[in-house]
Amino acid sequence: MRHQFELETAKTPEALKRIVIEPVSRVEGHGKVTILLDDNNQVHQVRLHIVEFRGFEKFIEGRPYWEVPVLVQRLCGICPVSHHLAASKAMDMIVNGGILTPTAEKIRRLMHYGQMLQSHALHFFHLSSPDLLFGFDSDVAKRNIVGVAAANPDVAKMGVLLRKFGQEVIRVTSGKRVHGTGSVPGGVNKSLTAEERDYLLKDSDQMIAWSRDAVRIIKGLHRSNPALYDAFGAVPSTMMSLVDDKGALDFYHGALRARDKDGEVIFDQVSYQGYNTLLTEGVKSWSYMKFPYITTLGEEKGWYKVGPLARIQNCDSIPTPQAEEERVEFVAHGGAKPMHGSLGFHWARMIEMLCAAETIKDLLLDPDIMGADLMAEGPRRGEGIGVIEAPRGTLFHHYRVDDNDLVTYANLIVSTTNNNTAMNVAVRDVAKNYLQGHEITEGLLNHIEVAIRCFDPCLSCATHALGKMPLEVTLVDATGAEIDRMTKDSEGRIGK
Amino acid sequence: MNAPLPKRKLKVATTSLAGCFGCHMSFLDIDERILDLVELVEFDRSPITDIKHCSPDCDLGIIEGGVCNAENVHVLHEFRKNCKILIAMGACAINGGLPAQRNSLDIRDILAAVYAQPGRGVHIPNDPEIPLLLNEVHPLHEVVKIDYFLPGCPPSGDAIWKFLTDLLAGRTPTLGHGLIHYD
Ligand code: SF4
């Protein structure tokens, strides 16, 4: 059996050729990949490095708790609603033990399903479709949404308008398309007017139809080339997600379920309140994104996938009819076994987009979204944990608040961090299958990025820190005057 | 500052430094108008293309996010060198934004706190592939000359559209009432 962490660390890195992909493009955020090869182009090491550190967890300390749901959105402009709501759910626990009025819960759900729709549309149409429609090693100049618009104007337009609708759902529920303020600890600050509801409702059937078309596009690609689609970047692993109390797909709330690579349930209906004993956040010397794993399974075996591919295969059903029909087909495609080919993420993602479009319509037809009862009251507590299924997977927010209402502790495990090991294993798999022994071309290198894009990583949410090389950075302003300087000695000590 | 622009497809490069991508998302919030925009401009280095370095003849460089590490400094210089006009888009680019909240803290303390593992001590990752952090997050104009500032967190899609269409038509961009926001 292949060792899981093969190609993670080369024995003699000094003697090898280094290839770098920087920045990883058509993903959200900053990352780079380094590949070490010998003279015969045998791959010895592949690493996805995250080059972002913003220290949010630390500077949230000392802020009043009610600022947090708005503040943490700035972790990520692609799924700000997920951070907004995960933080709100944690703060609900603090202000009232976690209860919501029906109106508040449904407004938040509407906001969240709007975001699911916009983020999945963005990912599929704007970022990944060029690879899928033109081929992984097609012309760089065309491999973008502008190229898609030129070759398939209808597809591009559909993507743009699906995303627009999702953004409009977010604007109507939160006041702003990016970084709105709709959710507050204990509830929401607005519900919908009849005009707002009608404005969204008039396009909702079209969005469901287009989402179904999108599922057909990716399903067709899958079926036309199963040898590629089923095997590319296949990473058999544990899968984790939230499910509701009946085991159905739910993006807003639920308990944790995990299945092993063969689909056997490892745990089910586990409360996320215990996430910090269930999961351990590992650290590796060469990446500033942490590597979480299921504590009882250990670091080597405990890593897992989150996100669409995990969710669609973890749940027993999807509550909306058209998406459920598509889920059944998806599961049937894999036969008796879960699918682990990374491109399966796209198919699963489009099924989720369809579920989001259907759910948005259902919520719009529910009179509760125009209710007036927005806030719930309950006993005050000092600690709160909130979890949500963000577009990229399970997202944990954990806070402690003191008697003066100030945050004293914050810990976040963002979706992309949960997928860190899985992404690294997938790029190693692709490097081994496609790069090994070949002259490396741009097109071949794009295969690595295609694998990363499957996970739709939001590297924007991830973190980084400092190396051990002696280094000095001097920052000078436009006139040449020094404004900042950092040094680091060979022991990793940082100075000014 | 307002030199007339040549009448051809303008080359536009965009990047996110220490930002959240929200400003780029807002750029995409021009919605269908993006299909008109691509008739007028050609995207060079950008998160939506696979062009990894700016061409030397870019007309506009649009930058989101402040400067927080050595790599940001490097990319910012690349943009200044290759783009005729540089635009600081959003609060982070203009004044450091939320990431600059860390400026009052010691970076060593932040790292030690973030990488502490219960029962296993502090393991701050170290690898030469990771760029060195600056002690503080800096706005762009402290490092290079910036030609235009587009405020907001993020500026709205409409504000970005008005700004770009003014610039493309050779007008001095103005954001009237309703389009200037700082939140
Ligand atoms: S200004 Fe706001 S939206 Fe733009 S990058 Fe900064 S935090 Fe994100």
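About the cut-offs
Residues numbered from 1 in each chain as written. Chains lettered and ligands numbered in written order. Predicted model: local features only at pLDDT ≥ 70, side-chain atom pairs only at ≥ 80, totals over all residues. Heavy atoms only, no water. Contact = heavy atoms within 4.5 Å. Buried area = accessible area lost by both parts, 1.4 Å probe. Salt bridge = Lys/Arg side-chain N within 4 Å of Asp/Glu carboxyl O. Polar contact = N/O pair within 3.5 Å; in protein donor to acceptor, adjacent residues only side chain to side chain. Helix = DSSP H or I, 4+ residues; strand = E, 2+ residues; numbered from the N terminus. Pairing = 2+ DSSP bridges. Axes fitted to C-alpha atoms, helices over the stretch in contact; angles between N-to-C directions. Core = buried A, V, L, I, M, F, W, Y, C linked by side-chain atoms within 4.5 Å. Buried < 20%, exposed > 50% of the residue type's maximum accessible area, 1.4 Å probe, protein only. Domains from an automatic or database assignment. UniProt positions renumbered as here; feature names shortened; annotations may be inferred. Parallel < 35°, antiparallel > 145°, perpendicular 65-115°, else oblique. Left-handed = near helix turned anticlockwise from the far one by under 90°. Phe/Tyr/Trp six-rings, centres within 6.5 Å; stacked < 30°, edge-to-face > 60°. Lys NZ or Arg CZ within 6 Å of the ring centre and 35° of its normal. 1 Å grid on protein atoms, 1.4 Å probe; cavity = no way out; pocket = protein on both sides within 12 Å on 5 of 7 lines; lining within 4 Å. Points joined across faces, edges and corners; volume = space filled by probe spheres on them. Near = heavy atom within 4 Å. Nonpolar A, V, L, I, M, F, W, Y, C, P; charged D, E, K, R; others polar. Expected span 1.5 Å × (residues − 1). Bend = angle between axes of the 7 residues up to and from the residue.

1. Concerning the interface of chain A and chain B
Counting from both sides, the interface comprises 88 residues of chain A and, opposite them, 64 residues of chain B. Carbon and sulfur atoms make up 64% of the area that chain A and chain B hide from each other, which totals about 6400 Å². Put simply, Arg177 of chain A and Asp29 of chain B hold a salt bridge, and the shortest N to O gap is 2.9 Å. Counting the contacts that link chain A with chain B gives 14 residue pairs in polar contact (both at pLDDT 80 or more). Sorting elements by how many residues they give to the side of chain A that touches chain B places helix 6 (residues 153–174) of chain A first, with six residues.

2. Remarks on the sheet that holds strand 9 (residues 148–150) of chain B
The strands that make up a sheet are held in pairs by hydrogen bonds between backbone atoms, and each pair lies either parallel or antiparallel. All names here are of chain B. With parallel pairing, the five strands of this open sheet are ordered in space as 2-1-3-5-9. Pairing within the sheet leaves two strands with one partner each, and these edge strands are strand 2 (41–43) and strand 9. The average angle at which neighbouring strand axes cross in this sheet is 25°, direction not considered. In this structure, strand 3 (residues 58–64) lies alongside strand 5 (residues 83–89), joined through six bridges in parallel fashion. Looking at strand 5, one finds that Cys58 is bridged to Cys83.

3. Considerations on the nonpolar core
Grouped together as the largest cluster of nonpolar side chains are 146 residues, with contacts concentrated most on Val33, Ile35, Ile60, Phe125, Tyr399 and Ile448 of chain A together with Ile87 of chain B. The element that contributes the greatest number of residues to this core is helix 13 (residues 344–364) of chain A, accounting for 13 residues. The residues touching Ile448 of chain A, leaving out its near neighbours within four places in the chain, are Ile21, Val33, Ile35, Val427, Val430, Ala431 and Leu435 of chain A. Counting 20 residues, the second largest nonpolar core, distinct from the first, contains Phe79, Ala88, Ile94 and Ile146 of chain B.

4. Things to note about the domain arrangement of chain A
In terms of domain boundaries, chain A breaks down into domain 1 (56–420) and domain 2 (470–495). Between the C-alpha centres of domain 1 of chain A and domain 2 of chain A there is a distance of 39 Å.

5. Examining the UniProt feature "binding site: Ni(2+)" (unreviewed entry) in chain A
Residue and element names in this part refer to chain A. Mapped onto the present numbering, the UniProt feature "binding site: Ni(2+)" (unreviewed entry) falls at Cys76, Cys79 and Cys458. Considering the C-alpha atoms alone, the annotated residues occupy 383 residues of sequence yet fold into one spot, their largest mutual distance being 8.5 Å. The topology assignment puts Cys76 in the loop between helix 2 (68–71) and helix 3 (80–96). For Cys76, a relative accessible area of 0% gives the class buried. One can find Cys458 in the loop between helix 16 (442–454) and strand 15 (471–476). Residue classification places Cys458 among the buried residues on the basis of a relative accessible area of 1%.

6. Comments concerning the packing of helix 4 (residues 102–134) of chain A against helix 16 of chain A
Residues and elements named next belong to chain A. Look at helix 4 against helix 16: their axes get within 10 Å of each other, and the N-to-C directions meet at 150°. Classified by the angle between their axes, helix 4 and helix 16 sit roughly antiparallel to one another. Two packed elements cross with a definite hand, and for helix 4 against helix 16 that hand is left-handed. Taken together, the residues of helix 16 that come into contact with helix 4 (itself represented by His123, Leu127, Ser128 and Asp131) are Asn446, Val450 and Arg453.

7. Side note on the UniProt feature "binding site: Fe cation" (unreviewed entry) in chain A
Residues and elements named next belong to chain A. Mapped onto the present numbering, the UniProt feature "binding site: Fe cation" (unreviewed entry) falls on Cys79 and Cys461. Considering the arrangement of structural elements, one finds Cys79 in the loop between helix 2 and helix 3. Ignoring sequence-local partners within four residues, the contact set of Cys79 consists of Gln115, Pro391 and Arg392.

8. Overview of the packing of aromatic side chains
Residue and element names in this part refer to chain A. One pass over the full model with this rule turns up eleven aromatic pairs over all chains. With a centroid separation of 4.9 Å and an interplanar angle of 45°, the aromatic rings of Phe56 and Phe59 are classed as tilted. Here the residue Phe56 and the residue Phe59 both occupy positions in helix 1 (residues 56–59), the gap between them amounting to three residues, near one helical turn. As far as the burial class goes, Phe56 and Phe59 line up, both buried. Ring geometry for Phe345 versus Phe455: centroids 4.7 Å apart, planes at 50°, classification tilted. Here the residue Phe345 occupies a position in helix 13, and Phe455 occupies one in the loop between helix 16 and strand 15, the gap between them amounting to 110 residues. One exposure class covers both Phe345 and Phe455, and it is buried. One aromatic cluster is present, built from ring pairs that chain together Phe136, Phe232 and Tyr434. Looking at Lys284, its charged tip hangs above the ring of Phe291, at a distance of 5.1 Å from the centre.

9. Examining the layout of surface pockets
Volume-wise, the second largest pocket comes out at about 490 Å³. Sorting the residues of the lining of the second largest pocket by element identifies helix 1, helix 9 (275–278), strand 9 (279–284) and strand 14 (407–413) of chain A together with helix 5 (107–114) and strand 6 (116–117) of chain B as the ones contributing at least two each.

10. Things to note about the site of the ligand
Neighbouring the ligand are 13 residues, the closest being Cys20, Cys23, Ala91, Cys92 and Cys153 of chain B. Near the ligand, the surrounding residues belong to chains A and B. Elements that contribute at least two residues to the shell around the ligand include exactly helix 1 (22–28) and helix 4 (91–95) of chain B. Here the residues of the shell around the ligand sort into six nonpolar, five polar and two charged.

11. Some thoughts on unusual backbone geometry
Put simply, Cys153 of chain B and Pro154 of chain B share a cis peptide bond, and its omega is -10°. Phi angles above zero are rare outside glycine, and Asp405 of chain A is one such case at about 75°. Mapped onto the elements of the fold, Asp405 of chain A is located in the loop between strand 13 (393–401) and strand 14. One non-glycine residue, Asp31 of chain B, adopts positive backbone phi at about 55°. Here Asp31 of chain B falls in the buried class, since its relative accessible area comes to 6%.

12. Side note on helix 7 (residues 194–224) of chain A
For an α-helix the count is 3.6 residues per turn, leaving residues at separations of three or four pointing the same way. Spanning 31 residues, helix 7 of chain A covers 45 Å between terminal C-alpha atoms, matching the ideal 45 Å at 1.5 Å per step. Maximal helix bending in helix 7 of chain A amounts to about 35°, located at Ser204 of chain A.

13. Focus: the pairing of strand 9 of chain A
All names here are of chain A. Across the six residues of strand 9, five count as buried, placing the element largely inside the fold. The pairing of strand 9 with strand 10 (residues 287–294) spans five bridges and is antiparallel. Bridged to Lys284 within strand 10 is Ser287.

14. What to know about the sheet that holds strand 7 (residues 255–259) of chain A
Residue and element names in this part refer to chain A. The four strands lie next to each other as 8-7-6-11, forming an open sheet whose pairing is mixed. Here the strands that pair on one side only, and so sit at the sheet edges, are strand 8 (265–270) and strand 11 (304–305). Where strand 6 (residues 238–243) and strand 7 come together, five bridges link them in antiparallel fashion. The residue bridging Leu242 from the neighbouring strand is Leu256, located in strand 7.

15. Notes on the side chain of Arg47 of chain A
Structurally, Arg47 of chain A can be placed in strand 3 (residues 43–50). For Arg47 of chain A, a relative accessible area of 10% corresponds to the buried category. Among the polar contacts made by the side chain of Arg47 of chain A, one reaches the main-chain carbonyl oxygen of Glu8 of chain A at a distance of 3.1 Å. When sequence neighbours within four positions are dropped, the list of residues in contact with Arg47 of chain A reads Glu8, Thr9, Lys32, Val33, Thr34, Trp286 and Asn424 of chain A together with Asp127 of chain B.

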